[in-house]
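# Fold and geometry: a report
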Amino acid sequence: MEVAAAASYSSLSQLPLRCKKSTSSSFLPLCAHKGRGFSPYRQAVFRNSYSWKHASLSWSYFDPKIKDLNRLSCDINLHNQKKLSRNVVVRSELAGAGTAGSAYPLSELKLGTKVRGICFYAVTAVFALVLIVPMLVAHPFVLLRDRYRRKFQHFIAKLWATLTVSPFLKIEIEGLENLPPSDTPAVYVSNHQSFLDIYTLLTVGRGFKFISKTGIFLFPVIGWAMSMMGVIPLKRMDSRSQLECLKRCVDLVKRGASVFFFPEGTRSKDGTLGAFKKGAFSVAAKTGVPVVPMTLMGTGKIMPTGMEGILNMGSVKVVIHKPIEGNNAEVLCSEARNTIADTLSLQG
């Protein structure tokens with residue numbers, strides 16, 4: 001800020017002023033060309049009545065640009081003399097930016113999002129502790145009666161996600177008619193923007209198996225729930241783990257369960273749709289099940305990647321597209337990505 005002020009002050013001295021300072025004790029704004037500017041009478045008045053400080057202020061009255069620059073130089077002098085608070089200077093710069101809410105300190109604007117983030121995690125933790133109980137009690141019966149789909153555990157997960165996000169954001173789902181019947185296995189794919197994507201997808205109400213990093217299974221409660229739901233573990237940089245993951249997905253689909261992939265492999269940092277990996281589409285091509293593309297919008301703005309501690313205001317939209325069928329993994333991958341990309345571009 002001091003460098004910027006110094007630059008502005010130096011620009012003041014470089015202005016093509018038409019008048020110059022007199023060497024006499026009483027200042028007279030002498031004009032460079034005779035016959036222009038003040039009359040001899042006014043020159044006499046300035047010579048007898050105004051000092052250098054008063055003359056500079058009077059001269060600025062006739063030139064608005066000089067008036068603004070004189071005010072800036074005055075603020076700089078006061079700031080150097082410690083008569084002008086640094087906080088006042090910063091506040092005036094923010095207020096002059098012309099943006100909504102710019103007159104408020106940035107710390108206050110960030111505080112609200114942090115408080116919302118804390119409340120969000122507090123709510124999700126409370127409901128997780130409560131709902132893990134019925135999951136634990138029912139799990140032996142689920143393994144006996146519904147080992148592969150685990151509909152009851154997914155129902156509890158949907159309830160947990162819905163109760164968590166309802167107080168903080170609104171989710172709009174479009175295209176529910178495009179969902180295959182709940183007993184029909186399919187491969188679901190979506191773009192990936194935020195940590196909130198999992199919560200959003202769970203509210204859709206389909207019992208698909210997610211793929212998750214192995215480290216998350218180590219967390220108490222959340223890791224237990226993921227294991228009981230049948231979430232598939234994956235070591236990202238381990239080629240053997242990736243192969244085992246795909247084999248397990250194929251086996252689950254053949255046994256009547258659905259699987260879910262984020263083909264980008266990781267969350268987008270700026271909302272731009274990344275390249276799709278072909279693993280999900282290879283599973284669909286080998287098993288002959290349809291691929292159901294889904295587009296998520298809004299989650300990246302509410303909880304941006306790398307800023308999972310905050311929660312902004314906003315709404316989320318989920319668009320469920322028509323299933324795509326085929327036995328060529330490359331064609332399925334291209335069609336699914338184009339469908340999602342077109343929807344993102346239309347929604348802006």
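Residues numbered from 1 in each chain as written. Predicted model: local features only at pLDDT ≥ 70, side-chain atom pairs only at ≥ 80, totals over all residues. Heavy atoms only, no water.

### Here's the deal with a nonpolar patch on the surface
A cluster of nonpolar side chains, namely F152, F155, L159 and L163, defines an oily patch on the protein surface of about 340 Å² accessible area. Its location among the elements puts L159 in helix α7 (residues 151-165). Accessibility expressed as a relative area gives 34% for L159, which makes it partly exposed. (Patch = residues over 30% accessible without salt bridge, like charges linked within 9 Å, V, L, I, M, F, W, Y side chains within 5 Å. Areas by Shrake-Rupley, 256 points an atom, 1.4 Å probe, with all protein chains shown as cover. Salt bridge = Lys/Arg side-chain N within 4 Å of Asp/Glu carboxyl O. Helix = DSSP H or I, 4+ residues; strand = E, 2+ residues; numbered from the N terminus. Buried < 20%, exposed > 50% of the residue type's maximum accessible area, 1.4 Å probe, protein only.)

### Some thoughts on the sheet that holds strand β4 (residues 187-190)
Pairing in this open sheet of six strands is mixed, and the strands run β3-β10-β9-β4-β8-β5 from one edge to the other. What marks the edges here is a single partner per strand, and that holds for β3 (170-174) and β5 (208-209). One ladder, built from four bridges, connects β4 with strand β9 (residues 291-297); its direction is parallel. Counted as the bridge partner of Y188 is V292 from β9. Running over the sheet, helix α10 (residues 239-254) touches β5 and β8 (258-261) and is turned about 145° from β8. (Pairing = 2+ DSSP bridges. Contact = heavy atoms within 4.5 Å. Axes fitted to C-alpha atoms, helices over the stretch in contact; angles between N-to-C directions.)

### Re the pattern of salt bridges
Inspection of every chain in the model, using the stated rule, returns six salt bridges. Between E308 and R267 there is a salt bridge, with its nearest N and O atoms 2.7 Å apart. Pair noted here: E308 is in the loop between α12 (299-302) and β10 (315-320) and R267 is in the loop between β8 and α11 (279-287), with a separation of 41 residues, a long-range link. In this structure E308 comes out as partly exposed when scored by relative accessible area, which is 21%.

### As for helix α9 (residues 222-229)
Within the sequence span of α9, burial applies to G223, A225, M226, M228 and M229. The positive-phi residue at the C-terminal boundary of α9 is G230, with phi of around 90°.

### Brief notes about the side chain of R116
Locating R116 in the fold gives a position in helix α6 (residues 106-145). The charged side chain of R116 is buried without a salt bridge, its nearest counter-charge being D197 at 15 Å. Aside from chain neighbours lying at most four places away, what touches R116 is F168, L311, N312 and M313. (Lys, Arg positive; Asp, Glu negative; His and termini not counted.)

### Here we look at the packing of aromatic side chains
Within this structure, the stated rule accounts for 12 aromatic pairs. Both rings, one in Y121 and one in F195, keep their centres 6.4 Å apart while their planes meet at 35°; by these two values the pair is tilted. Here the residue Y121 occupies a position in helix α6, and F195 occupies one in the loop between β4 and α8 (196-202), the gap between them amounting to 74 residues. Overall, the relative accessible area of 30% leaves Y121 in the partly exposed class. Here the aromatic rings of Y188 and F208 are separated by 5.0 Å at their centres, their planes lie at 55°, and the arrangement is tilted. With Y188 in strand β4 and F208 in strand β5, the pair connects residues that are 20 residues apart, well separated along the chain. Looking at F208, the relative accessible area reads 1%, which means it is buried. Cluster of aromatic residues (ring-pair linked, three or more members): F120, Y121, W160, F168, F195 and Y199. (Phe/Tyr/Trp six-rings, centres within 6.5 Å; stacked < 30°, edge-to-face > 60°.)

By themselves, these are just geometric observations and shouldn't be taken as functional.
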